[in-house]
Amino acid sequence: NKGDISPGEIPECPVCLQTCIHPVKLPCSHIFCFLCVKGAANQSSRCALCRQGIPVEFFTNPTLVSKKDVCGKGLDLDAETEHYSWFYEGRNGWWQYDERTNVELEENYNAKKRTFELLVAGYMYVIDLDNMVQMRRNDPSRRRRIKRDLVSAPKKGIAGLKIAARPE
Ligand SMILES: [Zn+2]
Ligand SMILES: [Zn+2]
């Protein structure tokens, strides 16, 4: 695939300073985690490095650096979380959490924590495993059901990235 990069070449994200998760390329060619761009866009829809505006459509149809990343092949990040993954409820289906959030959920779950907080796309969320919901800490009415299910369970995509979102 032209434009794909191997896992070893995934750049560091200038926002979270970690290896990019679901790296996306902005029109200005700067590369960030998809969720970091999304989180930063809650403050201003501009590139964190060069301040160039980010078009609204970018969030529904982002330019992925590697398509393999979202299809679940290629990257071996999935291997570490084994056969189970965490999902949150969407309008008519489930979204899989991004790998980093997934690892945090799994760690807290294994540590038998019932409630804890997570930072996702710039917002603090409270995770309640007794009721299996996530809610915004400062707006508890924004709540979604969550579940732990097989990675192969039907899903819309990962962290807001649609699985089949590619031009024909
Ligand atoms: Zn990032
Ligand atoms: Zn830029």
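Structure: see above.
Residues numbered from 1 in each chain as written. Chains lettered and ligands numbered in written order. Predicted model: local features only at pLDDT ≥ 70, side-chain atom pairs only at ≥ 80, totals over all residues. Heavy atoms only, no water.

Asks: Can you explain the overall build of the chain? Please cite residues and give values.
Replies: Looking only at helices and strands, the chain has four helices and ten strands in total. Along the chain, from the amino end to the carboxyl end, the secondary structure elements read β-β-α-α-α-β-β-α-β-β-β-β-β-β. Relative to its full complement of 168 residues, the chain shows a buried share of 39%. When contacts within the chain are restricted to residue pairs at least 6 apart in sequence, long-range pairs at least 24 apart make up 47% of them. A total of about 10000 Å² of accessible surface is found on the chain, and carbon and sulfur atoms cover 48% of it. (Helix = DSSP H or I, 4+ residues; strand = E, 2+ residues; numbered from the N terminus. Buried < 20%, exposed > 50% of the residue type's maximum accessible area, 1.4 Å probe, protein only. Contact = heavy atoms within 4.5 Å. Areas by Shrake-Rupley, 256 points an atom, 1.4 Å probe, with all protein chains shown as cover.)

Asks: Requested: an account of the pattern of salt bridges, with residues and values cited.
Replies: Within the structure shown, the criterion is met by five salt bridges. In this structure, Glu89 engages Arg145 in a salt bridge whose closest nitrogen and oxygen atoms are separated by 2.9 Å. Within this pair, whereas Glu89 is found in strand 3 (residues 84-90), its partner Arg145 is found in strand 8 (residues 139-150), the two being separated by 56 residues in sequence. Glu89 gets classed as partly exposed once you look at its relative accessible area, which sits at 25%. For Arg145, a relative accessible area of 47% gives the class partly exposed. With a shortest N-O distance of 2.7 Å, Glu106 and Arg148 are connected by a salt bridge. Of the two residues, Glu106 sits in helix 4 (residues 99-110) while Arg148 sits in strand 8, which places them 42 residues apart along the sequence. (Salt bridge = Lys/Arg side-chain N within 4 Å of Asp/Glu carboxyl O.)

Asks: Help me get a handle on the side chain of Gln134, residues and values and all.
Replies: Looking at the element boundaries, Gln134 is found in strand 7 (residues 133-136). Only 2.6 Å separates the side chain of Gln134 from the side chain of Tyr97, close enough to count as a polar contact. Dropping the residues within four chain positions of it, Gln134 is found in contact with Tyr88, Tyr97, Tyr125, Val126, Ile127, Arg142, Arg143, Arg144 and Ile146. (Polar contact = N/O pair within 3.5 Å; in protein donor to acceptor, adjacent residues only side chain to side chain.)

Asks: Give me the lowdown on the sheet that holds strand 6 (residues 123-128), citing residues and values where you can.
Replies: If you walk across this open sheet you meet the eight strands as 5-6-7-8-3-4-9-10, and the pairing is mixed. Of all the strands in the sheet, the pair left with one neighbour each is strand 5 (115-120) and strand 10 (161-162). Here strand 4 (residues 93-96) pairs with strand 9 (residues 157-158) via two bridges, running parallel. Across the sheet, Trp95 pairs through a bridge with Gly157, a residue of strand 9. (Pairing = 2+ DSSP bridges.)

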